[in-house]
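Below, each chain spelled out in residue letters.
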Amino acid sequence: MNVLKKIVFSAIQPSGQLTIGNYVGVIRQWIKMQNSYTCFYCIADLHAITIRHVSSELRKNILDTVSLYLACGINPRKNIIFLQSHVHQHAQLNWFLNCYTYCGELSRMTQFKNKSKRSIKNINSGLLNYPVLMASDILLYDTNVVPIGHDQIQHLELTRNIARRFNSCYGNIFTIPDKYVFGRNCNILSLLDPDKKMSKSDSNRNNVIFLLESIDSISKKIALAVTDSNSPPSIHYDIINKKGISNLLNIFSGLTDRTISNLELEFSGKSYQDFKSDIIEVISDFIKNLQSSYFYYRKNEDYLKKILNDGAFKACIKADTMLKKVKSAIGLI
Ligand code: TRP
């Protein structure tokens, strides 16, 4: 591990199929960071069980997610790719940090409130403690920077507070992590309801483009995607009045690395139909390449497991050092 490089930690839950929002919003940024930071890219399988799931699906989703990480271009020789449940220090630090986190702080978290409303029959304490496990993920590795989507900012703020609180009791044990929130163009919204985020757990699948979906089905969804109803048809970026079009521009720009103003120029005077047929082409090219690489990795489970074993081995070394520091600071022998 290069000691001069800053440390990045980030994770995605294997709680469903990854979407184009995960790619444009998060994974694409991870790829950019892999050259200048030491990166821990984790699959947060322990977080995924806070919602009732089917075991065989979780198992499949975990391997799908690793394959997608690789297919998207996260290089296992440069980064530490691993499963949260393989590094038992996450769950252990979680217990310690629970004792430095107030119930009031947890019950005020927006995501907890939203998720409890959605799964009224299963408001388990894992759901409440979710951000403490996230803090454990981050703090175990002396993380400097956490690339996250907008919906996770509150959890990172809490992580910083927990770390400061612990440090104020025991000295400088934890590094205080900074957030790295991607630009306004990285927050990909739902296709039919661009007032909310594109989410892999959305019950209306027409809101979401999945990375492993067929081109045919994606084309239909883009054709249905809302543009805007009340303003005159024109293709320009206006996230307040033209959320649908702006969202499609963000996807276009994210997949091609072209700037929004460059796209506005190209599509000025063109119809929504022209724009949609071009974006379908862009997405199709991207998805075809991605899927062929995905299937190449996904077939080879032995290789995927080797990547995860290697990753866990490296992560464990760092995590264990931190856990020992924490235990000794607390006074455990
Ligand atoms: N909760 C994050 C999400 O759903 C995933 C996650 C788990 C995470 N642990 C993390 C993200 C640590 C950043 C850092 O998106």
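Residues numbered from 1 in each chain as written. Predicted model: local features only at pLDDT ≥ 70, side-chain atom pairs only at ≥ 80, totals over all residues. Heavy atoms only, no water.

Below, the discussion takes up the overall build of the protein chain. Tallying secondary structure elements over the protein chain gives 13 helices and 5 strands in all. Here the C-alpha atoms of the protein chain give a radius of gyration of 21 Å, agreeing with the 20 Å that 2.2 N^0.38 yields for 333 residues. Principal-axis analysis of the C-alpha atoms gives the protein chain an extent of 70 × 45 × 40 Å. Looking at the protein chain as a whole, 52% of its 333 residues qualify as buried. The long-range fraction of contacts in the protein chain, counting pairs at least 24 apart against all pairs at least 6 apart in sequence, stands at 75%. (Helix = DSSP H or I, 4+ residues; strand = E, 2+ residues; numbered from the N terminus. Rg over C-alpha atoms; globule rule 2.2 N^0.38 Å. Buried < 20%, exposed > 50% of the residue type's maximum accessible area, 1.4 Å probe, protein only. Contact = heavy atoms within 4.5 Å.)

The next subject is the site of the ligand. Taken together, 13 residues lie near the ligand, and Gln-13, Tyr-130, Met-134, Asp-137 and Gln-152 sit nearest. Within the side chain of Gln-13, one N or O atom sits 3.3 Å away from an oxygen atom of the ligand. Taking Asp-137, its side chain carries an N or O atom lying 2.7 Å from a nitrogen atom of the ligand. Its free accessible area being 360 Å², the ligand has 89% of it covered by the protein chains. If you list the elements that add at least two residues to the shell around the ligand, you get strand 1 (6-12), helix 7 (125-139) and strand 4 (145-148). (Near = heavy atom within 4 Å. Polar contact = N/O pair within 3.5 Å; in protein donor to acceptor, adjacent residues only side chain to side chain. Areas by Shrake-Rupley, 256 points an atom, 1.4 Å probe, with all protein chains shown as cover.)

Turning next to helix 8 (residues 153-170). The end-to-end C-alpha distance of helix 8, which contains 18 residues, comes to 26 Å, matching closely the 26 Å that a straight helix rising 1.5 Å per residue would cover. Turning to helix 8, its buried residues are His-155, Leu-156, Leu-158, Thr-159, Arg-160, Ile-162, Ala-163, Phe-166 and Asn-167. At the exit of helix 8 stands Gly-171, carrying a positive phi of roughly 95°. (Expected span 1.5 Å × (residues − 1).)

Evaluation of the coordinates by the stated rule reveals 19 salt bridges. Across the pair Asp-257 and Lys-32 runs a salt bridge whose closest N-O atoms are separated by 3.9 Å. Taken together, the residues span a long stretch of sequence, with Asp-257 in the loop between helix 10 (243-256) and helix 11 (260-266) and Lys-32 in helix 1 (residues 20-33) at a distance of 225 residues. Here Lys-32 falls in the partly exposed class, since its relative accessible area comes to 47%. The partner of Lys-318 in a salt bridge is Asp-142, with the nearest N and O atoms 3.3 Å apart. Of the two residues, Lys-318 sits in helix 13 (residues 301-330) while Asp-142 sits in the loop between helix 7 and strand 4, which places them 176 residues apart along the sequence. For Asp-142, a relative accessible area of 22% translates into the label partly exposed. (Salt bridge = Lys/Arg side-chain N within 4 Å of Asp/Glu carboxyl O.)

What follows deals with the pairing of strand 1. Counting buried residues in strand 1 gives 5 out of 7 residues, a clear majority hidden from the surface. Inspection of the sheet shows strand 1 paired to strand 2 (residues 37-43) by 7 bridges, in the parallel sense. Of the residues in strand 2, the one forming a bridge with Ile-7 is Thr-38. The β-α-β motif built from strand 1, the intervening helix 1 and the parallel element strand 2 has right-handed crossover chirality. (Pairing = 2+ DSSP bridges. Right-handed = clockwise from strand over helix to strand, strands pointing away.)

Right, let's get into the packing of aromatic side chains. Taken as a whole, this structure holds 18 aromatic pairs when the rule is applied. Relative to Phe-286, the ring of Tyr-23 lies with its centre 4.6 Å away and its plane at 45°, an arrangement referred to as tilted. In this pair, Tyr-23 is assigned in helix 1 and Phe-286 in helix 12 (residues 272-298), connecting sequence segments 263 residues apart. For the pair formed by Tyr-23 and Phe-286, the shared burial category is buried. Put simply, the rings of Phe-9, Phe-40, Phe-82 and Tyr-141 pair up and form one aromatic cluster. (Phe/Tyr/Trp six-rings, centres within 6.5 Å; stacked < 30°, edge-to-face > 60°.)

As for its position among the elements, Asp-320 is in helix 13. In this structure, the C-alpha to C-alpha distance between Asp-320 and Ala-11, residues 309 residues apart in sequence, is 19 Å. A distance of 2.9 Å separates a polar atom in the side chain of Asp-320 from a polar atom in the side chain of Gln-89.

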